[in-house]
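# Overview (structure and organization)
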Amino acid sequence: RTVTGAGARELQARLASPLASVEAIEARLDAVSFLAERPRLSDDVREALRSAPDIARALTRLAFGRGGPRDLGAVRDGLAAATICFQTLKHSSDVLGLPSALADIAKQLSGVEATLEKSLQTALDNELPHLRRDGGFIKAGYSRDLDEARRLRDDSRTVMAALEARYVEETGVKTLKIRHNNILGYFIEVTQLNAKPLLSAPLSDTFRHRQTMANAVRFTTTELIGIEGRIASATERALNLEQEIFNELASAITAQDQALGQAASALAALDVYAGLAVLALD
């Protein structure tokens, strides 16, 4: 009757290693009885547990450096389920009081710093790739630098159009265009008739002459060169930034490894108790 893999493993372990302490046996039976007498509470707990991934296995992969975005997601979703279970048990505790085994579970479920769950919820996208090298697992809005790299990667035309519009406004040259070819890369082009303002101070300090054609004059700016370089490296930069964020989140998880392990064990034990309560009623 367990609803999680961790709960099934815990049940198997308990069957393989029966308790010899009457006091400990009674504590387990009290927990099962408490849930069996309150089917709605048991159902609420089991509903939350169904969405709980295997935190323990995700922690193991992350600890050995083999983890991926889905392992971060497993910790995130497991903590969300732990929060719901804790709140459900706490409500019962406030109203009825909990038997010792369930009280211990509630304590373990609340042992992880809330900032970790919040960070994971804020950072991780809903759909996560299997491999970290694939990228695309950090939400838009989490990192300004990452958003800029993605914007340059995915929408360079829009970026250049916005820059062109600003240069038109700053110079007053309506025919100014930002163009691209394989030899020069990106450049600013104006007609011969409109080139004089860009060749004269103060605009000449910003717009550097590159090439004079029969009917046009071409310029560049430090800003344009910088944007062109960022566009060229945007894909690699976006991926590198995601790897950095992954490492930061993985380190934050590792820093709370003990508390997370206890929360994972508590979820497994709660699954066993709730499953046995259902079995008792059946």
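The following paragraphs examine the structure supplied in this document. Predicted, not measured: the structure shown is a model, and the values here were computed from it. (Residues numbered from 1 in each chain as written. Predicted model: local features only at pLDDT ≥ 70, side-chain atom pairs only at ≥ 80, totals over all residues. Heavy atoms only, no water.)

The subject of this paragraph is the sheet that holds strand E4 (residues 216–220). Within the open sheet, the 4 strands sit side by side as E1-E2-E4-E3. Their pairing is antiparallel. Looking at the sheet topology across the chains shown, the edges are occupied by strand E1 (177–181) and strand E3 (208–212). If you compare each strand with its neighbour and ignore which way they point, the axes differ by 40 degrees on average. Where helix H9 (residues 156–171) meets the sheet, it contacts E1 and strand E2 (185–191), and its direction lies at approximately 140 degrees from that of E1. Seen against the sheet, helix H11 (residues 222–255) touches E1, E2, E3 and E4 and runs at an angle of roughly 145 degrees to E2. (Pairing = 2+ DSSP bridges. Helix = DSSP H or I, 4+ residues; strand = E, 2+ residues; numbered from the N terminus. Axes fitted to C-alpha atoms, helices over the stretch in contact; angles between N-to-C directions. Contact = heavy atoms within 4.5 Å.)

Here the focus is a nonpolar patch on the surface. Judged by side-chain polarity, Leu-19, Ile-25 and Leu-29 come together as a nonpolar surface patch covering roughly 220 Å² of accessible area. Position of Leu-19 relative to the elements: it lies in the loop between helix H1 (5–16) and helix H2 (22–36). (Patch = residues over 30% accessible without salt bridge, like charges linked within 9 Å, V, L, I, M, F, W, Y side chains within 5 Å. Areas by Shrake-Rupley, 256 points an atom, 1.4 Å probe, with all protein chains shown as cover. Salt bridge = Lys/Arg side-chain N within 4 Å of Asp/Glu carboxyl O.)

Another aspect to go through is unusual backbone geometry. Of note, the bond from Ala-201 into Pro-202 is cis; its omega dihedral lies within 30 degrees of zero at 5 degrees. The topology assignment puts Pro-202 in the loop between helix H10 (196–199) and E3.

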